[in-house]
Amino acid sequence: MRVATVVMAASLVWAIPAPAWAVAINSDVGLTPAKDQWIVRSQLRYTKKSDDPTAQDRELEIFTMPQTVVYGLTEKSSVILTIPFLSKELDATTDGIRTSRGDAGLGDLLLLGKHRLYTRDYPSATSRFSVVAGTDLPTGQSGDADARGKLPRDLQLGSGSADPLVGTAYTWQSLDDEWDVSLTYQLNTTANKFEFGDVLTYTVAYQRRVWPFNLPERGLYAQWNVVLEANGQWEQQAKSHGSRVDNTGGHLLFLSPGFQVATKHFVVETSIQLPVLQNLNGNQVEPDFALVASVRATF
Amino acid sequence: MRVALGMLIVALGFTSLAPNSWAEIEGIQLQVDGLSCPFCALGLDKRLKQRAGLEGIQVHLKQGVTEAALPTGLGLDVGKVQRAVQEAGFTLRGIKLTVIGKISREGDHMTVTSRHDGTTFLLFDAEHQDTEAGSTLSQVVRQRLEHARQTNRLVKLSGSVHEHAGLPAGLMVETLEGADE
């Protein structure tokens, strides 16, 4: 029921029309509007984790629907708000009995400011560098419980703490191809004597136009791009009551091929994230893959 | 009634002989750098309409050129166009346009005043170094424009536009029609 409720709430957001800018599929910090321009991205992400080194044979499924709204304050500065709807479900075998626990609802909002420090424009190409800073806000529940008691930290919808974030984003874009490189660092703080580890994320994305093969001399055209991203995440170990928590933290790297259709008014894109490096501490369940689909629009 | 009809026919006849047979075109071409994807265009379209009052925006992505038109009675404000492109997040490399108007002289400068909206442009050409001191036009171009001024005829000029602080915008003459008829 809770999963169905989340999906219904999210589908209402899908009905809002919006415009878009072609940047990395698995990053939000590259989105850059003009002055007084709005960009909205509605995304659906499914993550499956099932490679469990323990006898519990744990399987974790996470549906995330982050809705991102970007507004151009000036031609160089913008604000980015991401509103995530989440559904988490963990199946595990304990004492021979297969059980399921989960939660669904609003996660922690992410509020960022972005400022473009460097621009170099060429005929039909551009090179840009920006910095971002902001915080996530503890709007997601961090103390939910079910019939068996309080849910584990990893099944909670929120961290319970406001966690500042800084980052950079660079884009080189031409009519033929595009490079996006972004780096963010989130400093997680303590809530109820628990502190998730700090997180460093990095993305290197390349996209190449495959259609139209020859550009028309005049006018605009819809553009099809193939995309390949490397999405990495390094997470520090968590702390509980000041002591490091085993089975937390580590380094993940995904290769993410994708496809994108870009027009004057919207972008539709999809990607699959495949883990190529999994170096997790302790007995954590490792990710199998993640599927991403999103629509961006501007107005 | 027959006299009025006759006068109308005569008026139409004079109209068809003059360079007024040119279509009322004052096309504006903006050379915009940084336009590198299809929906880069929407932000530029919006700013050009809202900030500079332009209409009929057509973006040609491969050429890096955006065509636009001025509504009837609205003059071209080069500064507003520059600002609109800047607010869209791009770089304006140049403005080219076509002006139909009459030639005047203001001191040492030749000017053209658009019959569309009365906007005046100071006239230059790329070879003005081959002139008498203080002139911004070559001998040949100056003579043609002077002839058009003296005969009070309409001319059609095309070229690049640039802003002058406190002065009318400058038009670098690239083509000139109608001055010698």
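The rules behind these values
Residues numbered from 1 in each chain as written. Chains lettered and ligands numbered in written order. Predicted model: local features only at pLDDT ≥ 70, side-chain atom pairs only at ≥ 80, totals over all residues. Heavy atoms only, no water. Helix = DSSP H or I, 4+ residues; strand = E, 2+ residues; numbered from the N terminus. Areas by Shrake-Rupley, 256 points an atom, 1.4 Å probe, with all protein chains shown as cover. Pairing = 2+ DSSP bridges. Axes fitted to C-alpha atoms, helices over the stretch in contact; angles between N-to-C directions. Left-handed = near helix turned anticlockwise from the far one by under 90°. Contact = heavy atoms within 4.5 Å. Nonpolar A, V, L, I, M, F, W, Y, C, P; charged D, E, K, R; others polar. Buried area = accessible area lost by both parts, 1.4 Å probe. Salt bridge = Lys/Arg side-chain N within 4 Å of Asp/Glu carboxyl O. Patch = residues over 30% accessible without salt bridge, like charges linked within 9 Å, V, L, I, M, F, W, Y side chains within 5 Å.

J.: I would appreciate a short explanation of the overall build of chain B in the present structure.
T.: From N to C terminus, chain B includes four helices and eight strands. Of the accessible surface of chain B, which amounts to about 8,800 Å², a share of 53% is contributed by carbon and sulfur atoms.

J.: Teacher, can you tell me more about the pairing of strand β8 (residues 167–177) of chain B here?
T.: Side chains on a regular strand alternate between the two faces of the sheet. All names here are of chain B. Note that strand β6 (residues 120–125) and β8 share four bridges and pair parallel. Across the sheet, residue L122 finds its bridge partner in β8, namely G170. The pairing of strand β7 (residues 155–164) with β8 spans eight bridges and is classified as antiparallel. Note on β8: the bridge partner recorded for G159 is V173. Here β7 hands over to β8 after two residues, with G166 in that stretch at a positive phi of 80 degrees.

J.: I'm lost on the packing of helix α2 (residues 40–52) of chain B against helix α3 (residues 78–87) of chain B in this one. Help?
T.: Between two packed helices, the angle of one axis relative to the other and the distance separating the axes together describe the packing. Residues and elements named next belong to chain B. With their axes 8 Å apart at the nearest point, α2 and α3 run at an angle of 145 degrees to one another. The way α2 lies across α3 gives a crossing that is right-handed. Packed against α2, whose contacting residues are L44, R47, L48, R51 and A52, the element α3 presents K80, V81, R83, A84, V85 and E87 at the interface. Considered class by class, the residues forming the contact of α2 with α3 number six nonpolar, no polar and five charged.

J.: Can you walk me through the pairing of strand β3 (residues 77–94) of chain A in this structure?
T.: Residues and elements named next belong to chain A. Bridge count between strand β2 (residues 59–72) and β3: 14 bridges; the pairing is antiparallel. Note on β3: the bridge partner recorded for E61 is E89. Hairpin connection, β2 to β3: the antiparallel pair is bridged by four residues. Inspection of the sheet shows β3 paired to strand β5 (residues 109–122) by six bridges, in the antiparallel sense. From the neighbouring strand, L81 faces β5, where its bridge partner is L111. Across ten bridges, β3 lies against strand β4 (residues 97–106) in antiparallel orientation. Within β4, the residue paired with L86 across the bridge is G105. Between β3 and β4, which pair antiparallel and follow one another directly, the connecting turn spans two residues, one of which, D95, has a positive phi of 55 degrees.

J.: Hey, could you run me through the interface of chain A and chain B in this one?
T.: In this assembly, 36 residues from chain A lie in contact with 30 residues from chain B. Roughly 2,700 Å² is buried in total at the junction of chain A and chain B, and carbon and sulfur atoms are behind 54% of that figure. Among the residues chain A hides against chain B, the three largest losses belong to E75, R218 and K264 of chain A. Together they make up 20% of the total. Here chain A and chain B share five salt bridges between them.

J.: Can you walk me through the sheet that holds strand β15 (residues 239–240) of chain A in this structure?
T.: The pairing of strands in a sheet happens through backbone hydrogen bonds and is either parallel or antiparallel. Residue and element names in this part refer to chain A. Taken in spatial order, the four strands of this open sheet run β11-β12-β15-β16, and their pairing is antiparallel. Unpaired on one side and paired on the other, β11 (190–191) and β16 (243–244) mark the two borders of the sheet. Bridge count between strand β12 (residues 194–195) and β15: two bridges; the pairing is antiparallel. Each bridged residue has a counterpart across the sheet, and for F194 the counterpart in β15 is S240.

J.: It is not clear to me how a nonpolar patch on the surface should be interpreted in this structure. Could you clarify?
T.: Residue and element names in this part refer to chain A. A surface patch of nonpolar side chains, amounting to about 430 Å² of accessible area, comprises V210, W211, W224, V226 and F259. For the nonpolar patch, the secondary-structure elements that each account for two or more residues are β13 (199–211) and β14 (223–235). Inspection of the secondary structure puts V226 in strand β14.

Just geometry here; none of it tells us what the structure is for.
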